[in-house]
Amino acid sequence: MKRFMKWMTESFAPRLEAFTNNIWVASIQEAIMVAIPMIFIGSIITLISILQDFIPGMPDLTPITTFSFGLLGLFIAFLTPYVVMEKKERHKIKLLAGMTGVSLFVMLLGPTINEDGTIQFILERFGPSGMITALLVGVFVAVIMNVCNKFSFFKKGSTLPEFIMDWFDFLVPIAVVLVTGWVLVYQLQFDIFALIVSVFEPINAVGQSLLGFVLFNFIGVVLYSFGVSPWVMTPIWYAIWIPAIEENAALVAQGQDPVNINTFETFFSGWLGIGGMGATLPLVIWFLLAKSKKLKSVGKATIIPSLFNINEPVVYGAPIAFNPLLMVPMWINGLITPVIVYLALDMGLARIPSQIFQLWYTPIGLSTYIMSGLNGLVLLAVVLAIVFIVWFPFFKLYDAQELKKEKEQASN
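Figured I'd write up the structure that's included with this text. For clarity, every value in this text was computed on a predicted model and none was experimentally measured.

Comments concerning empty space enclosed by the protein
- Scanning the model with the defined rule gives one cavity of 30 Å³ or more in all.
- A volume near 40 Å³ is recorded for the largest cavity.
- In this structure, the largest cavity is lined by N217, V221, L272, G278, A279, N333, G334 and T337.
- Put simply, the parts of the chain that give the lining of the largest cavity at least two residues each are helix 10 (210-225) and helix 16 (324-346).
- Examining the composition of the lining of the largest cavity, we find that three residues originate from one element, helix 16, more than from any other.
- Counted by class, the lining of the largest cavity contains three nonpolar, five polar and no charged residues.

Observations concerning the packing of helix 5 (residues 72-87) against helix 7 (residues 131-147)
- Two elements in contact, helix 5 and helix 7, have axes separated by 8 Å at closest approach and are oriented at 25 degrees. Judged on the interaxial angle alone, helix 7 and helix 5 are roughly parallel. Considering only the axes of helix 5 and helix 7, their crossing is right-handed. Of the residues in helix 7, those in contact with L72, G73, I76, A77, T80, P81, V84 and M85 of helix 5 are M131, A134, L135, G138, V139, V141, A142, M145 and N146.
- Partitioning the contact of helix 5 with helix 7 into residue classes produces 13 nonpolar, four polar and no charged.

Quick look at the side chain of S292
- Considering the arrangement of structural elements, one finds S292 in the loop between helix 13 (281-288) and helix 14 (293-307).
- According to the relative accessible area criterion, S292 is buried, its value standing at 0%.
- Excluding anything up to four places from it in sequence, S292 contacts D399, E402, L403 and E406.

Topic: the packing of helix 10 against helix 16
- Where helix 10 contacts helix 16, the two axes come as close as 9 Å, and the packing angle between them is 160 degrees. One element, helix 10, and the other, helix 16, form an angle in the roughly antiparallel class. Considering only the axes of helix 10 and helix 16, their crossing is right-handed. Judged by residue contacts, L210, F213, V214, N217, F218, V221, V222, Y224 and S225 of helix 10 engage M327, M330, W331, N333, G334, L335, T337, P338, V339, V341, Y342 and L343 from helix 16.

Section: helix 5
- The end-to-end C-alpha distance of helix 5 is 22 Å, a good match for the 22 Å that 16 residues give at a rise of 1.5 Å each.
- The complete set of buried residues in helix 5 reads L72, G73, L74, I76, A77, L79, T80, P81, Y82, V83, V84 and M85.

Concerning a nonpolar patch on the surface
- On the surface, I113, I119, F121, V179, W182, V183, Y186, L188, F190, L195 and V199 cluster together into a nonpolar patch covering about 980 Å² of accessible area.
- Mapped by element, the contributors of at least two residues to the nonpolar patch are helix 8 (162-187) and helix 9 (192-207).
- When residues in the nonpolar patch are grouped by element, the largest group, four residues, is from helix 8.

Section: helix 6 (residues 94-108)
- Over its 15 residues, helix 6 extends 21 Å from the first C-alpha to the last, a length consistent with the 21 Å expected when each residue adds 1.5 Å.
- In the stretch just after helix 6, G110 is the one whose phi turns positive, near 70 degrees.

Topic: the packing of aromatic side chains
- Applying the stated criterion to the full structure yields 19 aromatic pairs.
- Considering the side-chain rings of W241 and F267, the 5.3 Å spacing of their centres and the 45 degrees angle between planes classify their relative orientation as tilted. Here W241, found in helix 11 (residues 234-253), pairs with F267, found in helix 12 (residues 264-271); they are 26 residues apart in sequence, far enough to count as distant.
- We classify W241 as buried; its relative accessible area is 0%.
- Relative accessible area serves as the criterion here: at 1%, F267 is assigned to the buried category.
- Ring geometry for W286 against F388: centres 5.6 Å apart, planes inclined by 85 degrees, an arrangement best described as edge-to-face.

Description of the pattern of salt bridges
- Under the criterion given, the structure shown has four salt bridges.
- For K405, the salt bridge goes to E402, with nearest N and O atoms at 3.5 Å. Residue K405 and its partner E402 are both found in helix 17 (residues 366-411); the two are separated by three residues, about one turn of the helix.
- Here E402 falls in the buried class, since its relative accessible area comes to 6%.

Observations regarding unusual backbone geometry
- Even without glycine at this site, E89 takes up a positive phi of about 60 degrees.
- With respect to the element layout, E89 can be found in the loop between helix 5 and helix 6.
- When its relative accessible area of 62% is taken as the criterion, E89 is described as exposed.
- In the Ramachandran plot, A279 falls in the positive-phi region, its phi being about 55 degrees despite a non-glycine side chain.
- Note that A279 resides in the loop between helix 12 and helix 13.
- According to the relative accessible area criterion, A279 is buried, its value standing at 3%.

Topic: the layout of surface pockets
- Roughly 1300 Å³ of internal volume is contained in the largest pocket.
- In terms of lining residues, the largest pocket is bounded by 43 residues, among which P243, I245, E246, E247 and A250 are the most central.
- Put simply, the parts of the chain that give the lining of the largest pocket at least two residues each are helix 3 (36-49), helix 4 (62-66), helix 7, helix 9 and helix 11.
- Residues of the lining of the largest pocket, tallied by class, amount to 22 nonpolar, 15 polar and six charged.

Reading the values: rules and limits
Residues numbered from 1 in each chain as written. Predicted model: local features only at pLDDT ≥ 70, side-chain atom pairs only at ≥ 80, totals over all residues. Heavy atoms only, no water. 1 Å grid on protein atoms, 1.4 Å probe; cavity = no way out; pocket = protein on both sides within 12 Å on 5 of 7 lines; lining within 4 Å. Points joined across faces, edges and corners; volume = space filled by probe spheres on them. Helix = DSSP H or I, 4+ residues; strand = E, 2+ residues; numbered from the N terminus. Nonpolar A, V, L, I, M, F, W, Y, C, P; charged D, E, K, R; others polar. Axes fitted to C-alpha atoms, helices over the stretch in contact; angles between N-to-C directions. Parallel < 35°, antiparallel > 145°, perpendicular 65-115°, else oblique. Left-handed = near helix turned anticlockwise from the far one by under 90°. Contact = heavy atoms within 4.5 Å. Buried < 20%, exposed > 50% of the residue type's maximum accessible area, 1.4 Å probe, protein only. Expected span 1.5 Å × (residues − 1). Patch = residues over 30% accessible without salt bridge, like charges linked within 9 Å, V, L, I, M, F, W, Y side chains within 5 Å. Areas by Shrake-Rupley, 256 points an atom, 1.4 Å probe, with all protein chains shown as cover. Salt bridge = Lys/Arg side-chain N within 4 Å of Asp/Glu carboxyl O. Phe/Tyr/Trp six-rings, centres within 6.5 Å; stacked < 30°, edge-to-face > 60°.

What follows is the structure in structure tokens.
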């Protein structure tokens, strides 16, 4: 264990941090995080729509979701190259980079242009189903903009105004990007969406399997236990989660059953994020019953944030991170709970989430009921009981350890 801890601390964690701090990776993460409020809007509409069961004649609010969450791909196509240029401090071209990303993305949607001048799009391609395409478009645009940065039509010392030189120099990367799109779509009749679906089908299949579901949770938990924010996995997680919940919603709208278990809603609105990644709320409750003054104080300080699924205070304050006595039960829960939840949902013992609900700060239980009804609450009760049991012996050992330290300090 000591050798493993040393390797994680001195080798793995620093390398992972360096990777996540890379401009390209960080830009993709930031682009997704900037778009989160547009996803939240869809979640709020889900919450408000519950009132339709009690208020006859309440207007249909789904168009708000359609033109917020439903345009996620479009937003990502703009934000990704924009953020890359911003991080590279190429401020003059960052807006143009974003607009070029939107242009290429819309072109790759493969719209049908009719003889009467009207144009038809497949609306769902603008949204979550187009997210991977949007990320690829964004990265491609950013690469071209970056490569063409060294090119200029003008020699140093030119007497022309700088903004005019910039206009002409910016034409090159924009032309390269759009000509590439023109060749792919209008000359080669290339459907990038069909290609991406075929490429990502095996990845999605693994992600929606029991193994993939467990790995999603366990990898995030392990990273968090070493002080690395699990949100470094955002690009991978959201690439699976967002299209999955959209497909579930579409299936339910058609009168069919949802099939995708691995969604954000299952993790953080349903059963796994009990107090936050790693299911730490039961530990905080145990802390409130601790004999150690330190742990009791930690429990009092972190109980309110934990109820709203904010667990950084307890992860870094208890601490759980880099504390083998608390890391181990966190890992155990990270393996056991996803297995139980997946099997229960797969066997139909509780309803698979089919509505977008990414208000992660909604107290667990309330969000679970919204997503899965009474059966979902029964499943949550089972998961909670197991998580409480797993944390308990390790909490007792840690409490005794801290109490002993406090007594020794008091006697000195």
